[in-house]
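Given next are the chains, with one letter for each unit.
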Amino acid sequence: MITQALIFIGVGLAAGILGALLGLGGGIIVTPVITLILGLPIQYAIAASIIAVIATSSGATIAYLKDEMLNLRVAMFLEIATTVGAVLGAVVTGLVSSKVLYVLFGALLIFSTYNMIRKMIGKKDAQRDPVPDPAAEKLRLNGAYYDKASDKEVEYKVTNVPGGFAMMFGAGLASGLLGIGSGAFKVLAMDTIMQMPLKPSTATSNLMMGVTAAASATVYFFNGALQPQIAAPLAIGILVGATIGTRIMQVLPTKVLRLIFIPVIGYMGLQMLLKGFGVTI
């Protein structure tokens, strides 16, 4: 039991660091380890992933709020779309082929990976000229953050608010229909569509994922899939890892952050695409 607890703490530490760095929640590490390496049932892994998301969100959000890295108004606005999409997805489950959805969302992630590679090898991340968006001005979504890597204050304007809202609705729909985390889609909606810098996009995604996952956790708790001997050590490791991850993220150059982010979402996109065609990796 002690050895297993230490393993879960170690897994949580890694998941917390990666989740806080990329805004993905840490489930991408937790689920494969619990099912493939430890050989535990998938329902335990899914419930543990939900706890991983909440713990990562809690640990990272506290630090990002303190350092004024996340955009609270953007998070609450986009969370409306995600929640409505997730509820609708849960309602219409079974009416839409999951294979088609896996192919569509996998292709979207791979295309987004290509766009991020182009962006990374092109102009500097901070040098953007977004089209002014009246909706962003009216909702006061524009913001600023202090970038410790470049040692300066970075102001940014949010653009294409309807496009970002639609993307978040789609992310929520996928989450409800397929039971997947939508952290990658949240970051892409803000970074690629709404032209927010990657660092506040990642920080804001961390907050949003915790809000979405909190509702799911109740269901897993009452159906018995949430195991305290798994969730407790994981949460401890994740909270520590998320705190470390937030500190690392703030001093990393954005280009390095993209170098970490690109292979992760590329792998996720490939995995979803292959799953849609009936191939598992």
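Now for a quick tour of the structure. (Residues numbered from 1 in each chain as written. Predicted model: local features only at pLDDT ≥ 70, side-chain atom pairs only at ≥ 80, totals over all residues. Heavy atoms only, no water.)

What about the nonpolar core?
With 52 residues, the main nonpolar core has Leu22, Tyr64, Val158 and Phe261 as its most contacted residues. Leave out the neighbours within four places in its chain, and valine 158 touches Val74, Asp133, Ala136, Leu141, Asn142, Met194 and Met196. (Core = buried A, V, L, I, M, F, W, Y, C linked by side-chain atoms within 4.5 Å. Buried < 20%, exposed > 50% of the residue type's maximum accessible area, 1.4 Å probe, protein only. Contact = heavy atoms within 4.5 Å.)

Some details on the pairing of strand S1 (residues 143–147)
Bridging between S1 and strand S2 (residues 152–156) involves 5 bridges; their strand directions are antiparallel. Looking at the pairing, alanine 144 lines up with glutamate 155 of S2. Two successive antiparallel strands, S1 and S2, enclose a turn made up of 4 residues, where aspartate 151 displays a positive phi of approximately 60°. (Pairing = 2+ DSSP bridges. Helix = DSSP H or I, 4+ residues; strand = E, 2+ residues; numbered from the N terminus.)

Re the environment of isoleucine 121
As for its placement among the helices and strands, isoleucine 121 is situated in helix H5 (residues 98–121). Between the alpha carbons of isoleucine 121 and lysine 255 there is a distance of 8.9 Å; along the sequence they are 134 residues apart.

What about the packing of helix H1 (residues 2–22) against helix H11 (residues 254–276)?
Put simply, H1 and H11 touch, their axes get as near as 10 Å, and they point 105° apart. On the basis of the axis angle, H1 is roughly perpendicular to H11. Contact with H1, carried on its side by Leu18, Leu21 and Leu22, involves Leu257, Ile260, Phe261 and Val264 of H11 and no other residues of that element. Per-class residue counts for the contact of H1 with H11 are 7 nonpolar, no polar and no charged. (Axes fitted to C-alpha atoms, helices over the stretch in contact; angles between N-to-C directions. Parallel < 35°, antiparallel > 145°, perpendicular 65-115°, else oblique. Nonpolar A, V, L, I, M, F, W, Y, C, P; charged D, E, K, R; others polar.)

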